[in-house]
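# Close look at the chain arrangement
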Amino acid sequence: MESECRKGMAFMRSHVEGLLRTPGPISGSGEWERLPPRRLINYLLSFLFHREAWVKWRAVTALGRVVNRMAEESVEAARNFMRRLMWSLNDESGGIGWGSAETMGEVMAVNETLAREYHCILLSYVQESGNPLENALLERGVLWGIGRLAEARPELVEGCGFHLLPYLESRDPILRGHALWALSFLNAPIPGRFLDALTEDETEIELYEGGELHLIQIRELAGRCFVERGVGRGPLQGTGSA
């Protein structure tokens, strides 16, 4: 019986991985809609640790859609999922919340109810008086999650722009890039002292946007922000596809 259970779990994980690797949008896919949300979630969470970035990011997108479906059936179950992500980012959890902040941002971009209830938690991770994570790898995810939320619901992030500015001076190009990407959806002013360094920064990073991984230079992201009124909203123009 136990052996059959393990085989069933292995089959399901393989099936979910196959769905993640299938090209095309995740939302509206018949197979994704057919599988029960509560059954899918644990399998999808395991792919947040996947060594292939493309698979990890597809899992983030899928979790946003699946948790949205869960919220339509039971908003309390969806709240419990959000609390689970928050707990994984807590030192007391004993684990490392890889992908948790990204998933929080994606879920809130898709579901307005959860966004209004939990956006302050995500934003607190970049505030000195909030719950700073003090882990550069996790902060990358937080900044992406804030950017994804800002892309969909900028009104919930507008007051956070000031807290993103220190990341523009980070030695980590992904932190610089994700902060710029988030700021590109906001009206927050960016001090001129950042202009020269960022608009001349040719460092390339991978950025996940619109369901695709793009290679883009920091200066291109800066170009979206430094326009006449402080922050631009132009489309992402990468240097290629990852």
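Before going into details, it helps to say that this report is about the structure given with it.

This next bit is on the overall build of the chain. Regarding its fold elements, the chain presents twelve helices and three strands. By residue count, 50% of the 242 residues in the chain fall in the buried class. Considering only intrachain contacts with a sequence separation of at least 6, the fraction spanning at least 24 residues in the chain is 64%. Split by element, the accessible area of the chain, about 11900 Å² in all, is 50% carbon and sulfur.

In this model, Glu134 sits at a positive phi of 55°, which is unusual for a non-glycine residue. Relative to the helices and strands, Glu134 is located in the loop between helix H7 (112–124) and helix H8 (136–152).

Let us now look at the packing of helix H3 (residues 37–46) against helix H5 (residues 75–88). In contact at an axis separation of 12 Å, H3 and H5 are set at 15° when each is read in the N-to-C sense. Our classification of the angle between H3 and H5 gives roughly parallel. You can see that H3 and H5 cross each other, and the crossing is right-handed. Contacts from Arg38, Ile41, Asn42 and Leu45 of H3 reach H5 at Ala77, Phe81, Arg84 and Leu85. Taken together, the residues of the contact of H3 with H5 sort by class into five nonpolar, one polar and two charged.

Bringing the pattern of salt bridges into the picture now. For the coordinates displayed, the defined rule picks out 16 salt bridges. Among the ionic pairs, Arg176 bridges to Asp201, the shortest N-O distance being 2.8 Å. Separated by 25 residues along the polypeptide, Arg176 in helix H10 (residues 173–183) and Asp201 in the loop between helix H11 (195–199) and strand E1 (204–209) bring together distant segments of the chain. Via salt bridges that share partners, Arg13, Glu17, Arg21 and Glu52 belong to a single interconnected network.

As a packed pair, helix H4 (residues 53–73) and helix H6 (residues 100–110) sit with axes 8 Å apart at the nearest point and diverge in direction by 45°. If you check the angle between H4 and H6, you find them oblique. Here H4 runs over H6; the crossing is right-handed. Residues Lys56, Trp57, Val60, Thr61, Leu63, Gly64, Arg65, Val67 and Asn68 of H4 lie in contact with H6, whose contacting residues are Glu102, Thr103, Glu106, Val107 and Val110. Counted by class, the contact of H4 with H6 contains six nonpolar, four polar and four charged residues.

Tracing the chain through its elements places Pro37 in helix H3. According to the relative accessible area criterion, Pro37 is buried, its value standing at 3%. In sequence terms Pro37 and Val66 are 29 residues apart; their C-alpha atoms lie 5.5 Å from each other. Once you skip the residues sitting within four places of it in the chain, Pro37 turns out to touch Val66, Arg69, Met70 and Glu73.

Its place among the elements puts Leu175 in helix H10. Residue class for Leu175 comes out buried when judged on its relative accessible area of 4%. Measuring from C-alpha to C-alpha, the distance between Leu175 and Leu137 comes to 8.8 Å, with 38 residues separating the pair along the chain. Those residues in contact with Leu175 that lie beyond four places of it in its chain are Ala136, Glu139, Arg140, Leu143, Tyr167 and Ser170.

Parameters and conventions
Residues numbered from 1 in each chain as written. Predicted model: local features only at pLDDT ≥ 70, side-chain atom pairs only at ≥ 80, totals over all residues. Heavy atoms only, no water. Helix = DSSP H or I, 4+ residues; strand = E, 2+ residues; numbered from the N terminus. Buried < 20%, exposed > 50% of the residue type's maximum accessible area, 1.4 Å probe, protein only. Contact = heavy atoms within 4.5 Å. Areas by Shrake-Rupley, 256 points an atom, 1.4 Å probe, with all protein chains shown as cover. Axes fitted to C-alpha atoms, helices over the stretch in contact; angles between N-to-C directions. Parallel < 35°, antiparallel > 145°, perpendicular 65-115°, else oblique. Left-handed = near helix turned anticlockwise from the far one by under 90°. Nonpolar A, V, L, I, M, F, W, Y, C, P; charged D, E, K, R; others polar. Salt bridge = Lys/Arg side-chain N within 4 Å of Asp/Glu carboxyl O.

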